[in-house]
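Summary of the model geometry
Listed below are the residues making up each chain.
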Amino acid sequence: MEHHDMQQTLAALVAPGKGLLAADESFPTMEKRFAEIELPSTEEHRRAYRELLFTAPGIEQYLSGQGKTENVPDAQQAMLHRARCNGAACFGQYTDEIERQYP
């Protein structure tokens, strides 16, 4: 991905007033959510829940993207690295070496 394209993608993902939807929740998480409202965690109910998330009227006004559970650790690592780089830059200590320290 070109640097310019990546910047546009990142800007869209963090657009003001929008957020990411974690739509691939684990079975235990879904089971817990449904237990709170006394709804059995069946495949049919889980599918209906996901469909509700994506078909709610006007949802595109509030979402900039969706994530999957298996991508969360990599995304967290990338965000932590970016925060370190930004922090170093705020104190005038940013170097290419810091950028290359990405795990």
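Refer to the structure above for everything that follows.
As a starting point, this report considers the structure included with it.

Cut-off values and rules
Residues numbered from 1 in each chain as written. Predicted model: local features only at pLDDT ≥ 70, side-chain atom pairs only at ≥ 80, totals over all residues. Heavy atoms only, no water. Helix = DSSP H or I, 4+ residues; strand = E, 2+ residues; numbered from the N terminus. Buried < 20%, exposed > 50% of the residue type's maximum accessible area, 1.4 Å probe, protein only. Contact = heavy atoms within 4.5 Å. Areas by Shrake-Rupley, 256 points an atom, 1.4 Å probe, with all protein chains shown as cover. Salt bridge = Lys/Arg side-chain N within 4 Å of Asp/Glu carboxyl O. Axes fitted to C-alpha atoms, helices over the stretch in contact; angles between N-to-C directions. Parallel < 35°, antiparallel > 145°, perpendicular 65-115°, else oblique.

1. Focus: the overall build of the protein
- Within the protein one finds five helices and two strands.
- From first element to last, N terminus to C terminus, the protein shows the α and β order α-β-α-α-β-α-α.
- Across the 103 residues in the protein, those meeting the buried criterion constitute 11%.
- Long-range pairs, those at least 24 residues apart, make up 57% of the contacts in the protein between residues at least 6 apart in sequence.
- Accessible surface, the protein: about 8,200 Å² in total, of which carbon and sulfur atoms supply 58%.

2. Quick word on the pattern of salt bridges
- By the definition in use, this model includes three salt bridges.
- Note that Arg46 and Glu43 form a salt bridge whose closest N and O atoms lie 3.1 Å from each other. With Arg46 and Glu43 both in helix H3 (residues 43–55) and three residues apart, the pair spans about one turn of that helix.
- The class of Arg46 is buried, set by a relative accessible area of 11%.
- The class of Glu43 is partly exposed, set by a relative accessible area of 43%.
- Residue Glu43 pairs with Arg47 through a salt bridge whose shortest N-O separation is 3.6 Å. Placement of the pair is Glu43 and Arg47 together in helix H3, with a separation of four residues, close to one helical turn.
- Among the charged side chains, a network of salt bridges with common partners joins Glu43, Arg46 and Arg47.

3. Focus: the packing of helix H2 (residues 27–36) against H3
- Here H2 crosses H3 at 85 degrees, and the two axes come no closer than 11 Å. Judged by the inter-axis angle, H2 sits roughly perpendicular to H3. Side by side, H2 and H3 meet where Phe27, Met30, Arg33 and Phe34 of the first sit next to His45, Arg46, Tyr49 and Arg50 of the second.

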